[in-house]
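Residues per chain, in single letters:
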Amino acid sequence: MEVTTREALEIAVSWLVPGFVLSNTIRLFVPFIRWERQDAVLGYLAVGSLFATLRLIGFPIWLTGLVLPLAAGVVLGIVANYFREQVSHFLPLPPTAWDAAFWMRRKPCFVVIVLKDGTVIRGIYGRNSRASSDPDRRDLFLEGILTQDTKGRWRVDPYTLGLWIDGSQIVTIKFIMAKRGDENGERTTS
């Protein structure tokens, strides 16, 4: 039996592409999930075997190779995002404290960051803030910076659009729960 180029392409699409699409779609929602290369290929093949089975019983290749894995990835990603603040057996725990501190955080909070040079930064980590999930390149973007007014109250600096911080310069980060209405930066604690 001779395998044609079309058949070889169909085999690759049936077995590798669905796993690749599914796992990378889930990573859009759960960015800290990372696989080593050999584990990734095995994972792609394992997931692909599920979709290849659907292909063998008559589902079209465009459905089993792209649409169903994409839809399954979106559904699993949304479910994972919904349950991210709860420890469960369904979701893997974030691999590092950095990932857990930022990915599991759903509500805005105040942060007090101490840098290696002693600089203290107070800011807001909210919906428009970002923390990298790349273990080789940690960095942080705060959507708001707090400044102290003459009465000792902390307020959001209206002229700052955000602040990027190199993760390698961070010594500590303190997370302070924001009360309802605190997101505007009116806080009298240190």
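Predicted, not measured: the structure shown is a model, and the values here were computed from it.

Our next topic: the pairing of strand S4 (residues 139-142). The alternating pattern of S4 places Leu140 and Leu142 on a buried face, while none of Asp139 and Phe141, on the opposite face, is buried. In terms of strand pairing, strand S3 (residues 130-131) meets S4 through 2 bridges, oriented antiparallel. The residue bridging Ala131 from the neighbouring strand is Leu140, located in S4. When S4 meets strand S7 (residues 163-166), the two strands line up antiparallel, connected through 4 bridges. Among the inter-strand pairings, Leu142 is bridged to a residue of S7, identified as Leu163.

Take the pairing of strand S5 (residues 144-148) next. Note: strand S2 (residues 120-125) against S5, 2 bridges, orientation antiparallel. Along S5, the bridge assignment pairs Gly123 with Ile145. Relative to strand S6 (residues 154-156), S5 runs antiparallel, the two sharing 3 bridges. The partner of Thr147 across the bridge, within S6, is Arg155. Between S5 and S6, which pair antiparallel and follow one another directly, the connecting turn spans 5 residues, one of which, Gly152, has a positive phi of 85 degrees.

On to the nonpolar core. One finds Ile113, Ile121, Tyr125, Leu140, Leu142, Ile165 and Ile170 to be the most contacted residues of the largest nonpolar core, which totals 14 residues. Ranked by size, the runner-up nonpolar core spans 7 residues in total, among them Phe110, Ile124, Leu146 and Ala178.

Along the polypeptide, Asp157 turns up in the loop between S6 and S7. Within the structure, the side chain of Asp157 is placed 2.9 Å from the backbone nitrogen of Tyr159, a separation counted as a polar contact. Setting aside chain neighbours within four positions, we find Asp157 in contact with Ile145 and Thr147.

Summarising the element assignment, Ser132 is placed in the loop between S3 and S4. Polar side-chain contacts of Ser132 include one of 2.8 Å to the backbone oxygen of Arg137. Ignoring anything within four residues of it in the chain, the contact list for Ser132 reads Trp98, Asp99, Arg137, Arg138 and Asp139.

Another point: the sheet that holds S7. The strand order across the open sheet built from 3 strands is S3-S4-S7, with neighbouring strands paired in antiparallel fashion. Bordering the open sheet on either side are S3 and S7, each of which pairs with just one other strand.

Bringing the sheet that holds S5 into the picture now. The sheet built from 5 strands is open, its strands ordered S6-S5-S2-S1-S8 with antiparallel pairing. Two strands bound the open sheet, and with one partner strand each, they are S6 and strand S8 (170-177). Across the sheet, the mean angle from the axis of one strand to that of its neighbour is 35 degrees, orientation sign disregarded. The pairing of strand S1 (residues 109-115) with S8 spans 7 bridges and is antiparallel. Bridge pairing links Val112 to Lys174 in S8.

Here a ring pair, both rings aromatic, is described through the centre-centre distance and the interplanar angle of the planes. Counted by the stated rule, this structure contains 1 aromatic pair. Centre to centre, the rings of Phe20 and Tyr44 are 5.6 Å apart; their planes meet at 80 degrees, and the pair counts as edge-to-face. Here the residue Phe20 occupies a position in helix H2 (residues 17-29), and Tyr44 occupies one in helix H3 (residues 37-56), the gap between them amounting to 24 residues. Judged by its relative accessible area of 44%, Phe20 falls in the partly exposed class. Looking at Tyr44, the relative accessible area reads 16%, which means it is buried.

On to the environment of Arg122, then. Looking at the element boundaries, Arg122 is found in strand S2. Between the alpha carbons of Arg122 and Val112 there is a distance of 4.6 Å; along the sequence they are 10 residues apart.

The rules behind the values
- Residues numbered from 1 in each chain as written.
- Predicted model: local features only at pLDDT ≥ 70, side-chain atom pairs only at ≥ 80, totals over all residues.
- Heavy atoms only, no water.
- Buried < 20%, exposed > 50% of the residue type's maximum accessible area, 1.4 Å probe, protein only.
- Helix = DSSP H or I, 4+ residues; strand = E, 2+ residues; numbered from the N terminus.
- Pairing = 2+ DSSP bridges.
- Core = buried A, V, L, I, M, F, W, Y, C linked by side-chain atoms within 4.5 Å.
- Polar contact = N/O pair within 3.5 Å; in protein donor to acceptor, adjacent residues only side chain to side chain.
- Contact = heavy atoms within 4.5 Å.
- Axes fitted to C-alpha atoms, helices over the stretch in contact; angles between N-to-C directions.
- Phe/Tyr/Trp six-rings, centres within 6.5 Å; stacked < 30°, edge-to-face > 60°.

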